[in-house]
Amino acid sequence: MVTKANTSKAIVIGGGMAGLMTARVLSEYFKEVLIVENDAYPTGPDVRPGTPQAFHPHRFTARGKAVIERLFPGYEQDMIANGCPSSLNKTAYFMNQYGTLEMKYDRDDLKFSRALLEWVIRERTAAISNVKFLTKHQVTGLLTSPDGSEVMGVQARDREQSGKEKALTADLVIDTSGRSSKLSGWLTDLGYEVPEPDLLKVSLGYSTRRYKVPPHLTHLIDEWDVINIQGQPASGTYTSVFSFIENDTAEVLLARPGGNYPPTDAAEFESALEQLPSPKIAELVRDFEPMASPRPFRVPELYCHRFEQMPQWPQGLLVLGDAYCIYDPIFGQGMTVAAISVEILETCLQEQHAEKRPDWEHGVLRRIKEAIEPAFWLNCTADLRWEGVEYHGTDSSKRNAFSREYMELFLRYAVSKPDWKFYGLYWAVNTLSVSPRNIFNPETAVQVLTASDEGRELLSGLTADNGKPVETILEEMLPRFPESPFELVRP
């Protein structure tokens, strides 16, 4: 039901998680919302071709979960009905080069496959009366006004009827087509100046294997939440993550940046688990039943577009989700950033409905970019520790190098003491629950840097022959992020 406006139609390109959340918000502002999806949707919770990353572990952080619970209240009951276990009061084990931490997980979060989550959210979206789906159609271009200043719909090709093309008109088009997005090329063809994206040449490889938990071992599902053994750049070891998902299934991931891809051969995969710095994962899965061979996923590069910097942007067009920026999946930030972006879109629609503003779309892009920047920056900072990873973009290489060293020292400080407050803050920043400014501020930096010989040496190198107070130097070196994208919006 349209409750806040009577504009006629919006089109969403792509029906993945970002597209479904976007359609849910648009349904309150437009008479009709049409999701144009390249794939034929499966009839149940199965992986579809348009989401090649879907077989690998997915999660919502606390921030993303809060958004989706508000948009789709009660969706977790559907997940539980499909066999999803909870994390509450189960053991979470973390290991990195500085030590190990083990704790009871204190939040009631569900563990699930991406296929199940998307199916549940798609079913709920399909139940919205003014949301329609056009599947098996590929969007091939934008329909615009004669001068190209306004997008008025899309051109779509039917993938089944001998490539028959059709024009679909709309008042607003939002590209949520993910990694397959052609938006940069379409804008260039229309005569717009499109900046080169920031790139992280990451050569990232994933392999994931799933196991059936035998009946006599299902008690382990009640004991364990996650085992996270972080890869160590100095020795080149893989990152490995173990957890349970729905229907008595365990999943294990191996990942590494830098072009040294984890194995997809079953025997080699099991051998790699045995060689991890901790035997915990290998010991747990030894008596499980492999469901299939490991599945690979490769990411040559991460990109972050700079659409918000374009001097001109067409009316009636927006972009969000992986079509704007993609991330290293190991950090579990992609769906959360999409949820935050959708929430920003919702706020902007509310403001535009209250008071029409020129160049509204440009403003939306800038505000979404404020949410994107911290996640992409955190990815770059973490992955640039690995040999073979290269950054090509607008950030200062000197500041990037300092940030990498500082983040390593921060993590070591939190784990080796251990300092639970700092470790919690480290994860709160990496899960986008709070702004990186909570870590990157002069007071915290001085505390961390003066706690070790390496930190004091780094600090001394900054202050030598500089003549400025240390706080001023740190203000110049530390990245700056706004607080606003991290404040939950409640339209």
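Not measured: the values here are computed from a predicted model.

Q: Would you explain the overall build of the protein chain in this entry?
A: If you tally the helices and strands in the protein chain, you get 14 helices and 17 strands. Against the 2.2 N^0.38 benchmark of 23 Å for 491 residues, the protein chain shows a C-alpha radius of gyration of 23 Å, consistent with a compact globule. Across the 491 residues of the protein chain, 56% fall into the buried class. In the protein chain, the proportion of contacts linking residues at least 24 apart, taken out of those at least 6 apart, comes to 73%. For the protein chain, the accessible area works out to roughly 20,500 Å², and carbon and sulfur atoms hold 48% of it. Between the centroid of the 51 positive side chains of the protein chain and the centroid of its 67 negative side chains there is a distance of 3 Å.

Q: Could you clarify how one ought to interpret the sheet that holds strand E7 (residues 151-158) in this entry?
A: In a beta sheet, neighbouring strands pair by backbone hydrogen bonds and run either parallel or antiparallel. What the 3 strands build is an open sheet, ordered E6-E7-E8; its pairing is antiparallel. Pairing within the sheet leaves two strands with one partner each, and these edge strands are strand E6 (137-144) and strand E8 (165-169). Neighbour-to-neighbour, the strand axes of this sheet turn through a mean angle of 30°, independent of strand direction.

Q: I'm lost on empty space enclosed by the protein in this one. Help?
A: Regions of empty space are outlined by a rolling probe, equal in size to a water molecule, passed over the atoms. Taken as a whole and judged by the stated rule, the model has 2 cavities of 30 Å³ or more. Here the largest cavity is characterised by a volume of approximately 50 Å³. In terms of lining, the largest cavity is formed by Pro42, Gly44, Asp46, Val47, Arg48, Thr51, Ala54, Ala115, Glu118, Trp119 and Arg122. Tallied by class, the residues present in the lining of the largest cavity amount to 5 nonpolar, 2 polar and 4 charged. In this structure, the second largest cavity spans a volume of roughly 30 Å³. Every residue lining the second largest cavity is listed: Pro85, Ser86, Ser87, Lys90, Lys111, Ile221, Trp224, Asp225 and Phe244. Grouping the constituent residues of the lining of the second largest cavity by class yields 4 nonpolar, 2 polar and 3 charged.

Q: What am I meant to see in the packing of aromatic side chains here?
A: The relative placement of two aromatic rings is captured by the distance of their centres and the angle of their planes. A full pass over the atoms with the stated rule returns 16 aromatic pairs. Look at phenylalanine 307 and tyrosine 324: their rings are 5.5 Å apart centre to centre, the planes differ by 55°, and that puts the pair in the tilted class. Of the two residues, phenylalanine 307 is situated in the loop between strand E15 (295-304) and strand E16 (317-319) and tyrosine 324 in the loop between E16 and helix H8 (334-354); the sequence distance between them amounts to 17 residues. Here tyrosine 324 falls in the buried class, since its relative accessible area comes to 0%. Consider the rings of tryptophan 377 and phenylalanine 440, whose centres lie 5.0 Å apart with planes at 85°: the pair is edge-to-face. Of the two residues, tryptophan 377 sits in helix H9 (residues 360-383) while phenylalanine 440 sits in the loop between helix H11 (420-430) and helix H12 (442-449), which places them 63 residues apart along the sequence. One aromatic cluster is present, built from ring pairs that chain together Trp377, Phe402, Tyr406, Phe410, Tyr413, Phe422 and Phe440. Geometry around phenylalanine 55 places arginine 210 over its ring, the cationic atom sitting 4.1 Å from the centre.

Q: Explain the pattern of salt bridges to me, please; I cannot follow it from the model alone.
A: Between side chains of opposite charge, a pair can form as their charged atoms come close. Tallied over the full model, the rule gives 27 salt bridges. Between arginine 24 and glutamate 28 there is a salt bridge, and its shortest N-O distance comes to 2.9 Å. The pair formed by arginine 24 and glutamate 28 is uniform in burial state, with each residue classed as buried. Put simply, glutamate 160 and lysine 136 hold a salt bridge, and the shortest N to O gap is 3.3 Å. Here lysine 136 lies in the loop between strand E5 (131-134) and E6 and glutamate 160 lies in the loop between E7 and E8, a separation of 24 residues in the sequence. The exposure class assigned to glutamate 160 is exposed, which follows from its relative accessible area of 58%. Overlapping salt bridges bring together Glu37, Asp39, Arg48, Arg114, Glu118 and Arg122 as one network.

How each quantity is defined
Residues numbered from 1 in each chain as written. Predicted model: local features only at pLDDT ≥ 70, side-chain atom pairs only at ≥ 80, totals over all residues. Heavy atoms only, no water. Helix = DSSP H or I, 4+ residues; strand = E, 2+ residues; numbered from the N terminus. Rg over C-alpha atoms; globule rule 2.2 N^0.38 Å. Buried < 20%, exposed > 50% of the residue type's maximum accessible area, 1.4 Å probe, protein only. Contact = heavy atoms within 4.5 Å. Areas by Shrake-Rupley, 256 points an atom, 1.4 Å probe, with all protein chains shown as cover. Lys, Arg positive; Asp, Glu negative; His and termini not counted. Charge placed at Lys NZ, Arg CZ, Asp CG, Glu CD. Pairing = 2+ DSSP bridges. Axes fitted to C-alpha atoms, helices over the stretch in contact; angles between N-to-C directions. 1 Å grid on protein atoms, 1.4 Å probe; cavity = no way out; pocket = protein on both sides within 12 Å on 5 of 7 lines; lining within 4 Å. Points joined across faces, edges and corners; volume = space filled by probe spheres on them. Nonpolar A, V, L, I, M, F, W, Y, C, P; charged D, E, K, R; others polar. Phe/Tyr/Trp six-rings, centres within 6.5 Å; stacked < 30°, edge-to-face > 60°. Lys NZ or Arg CZ within 6 Å of the ring centre and 35° of its normal. Salt bridge = Lys/Arg side-chain N within 4 Å of Asp/Glu carboxyl O.

Fair warning: the whole summary comes from geometry, so function is off the table for now.
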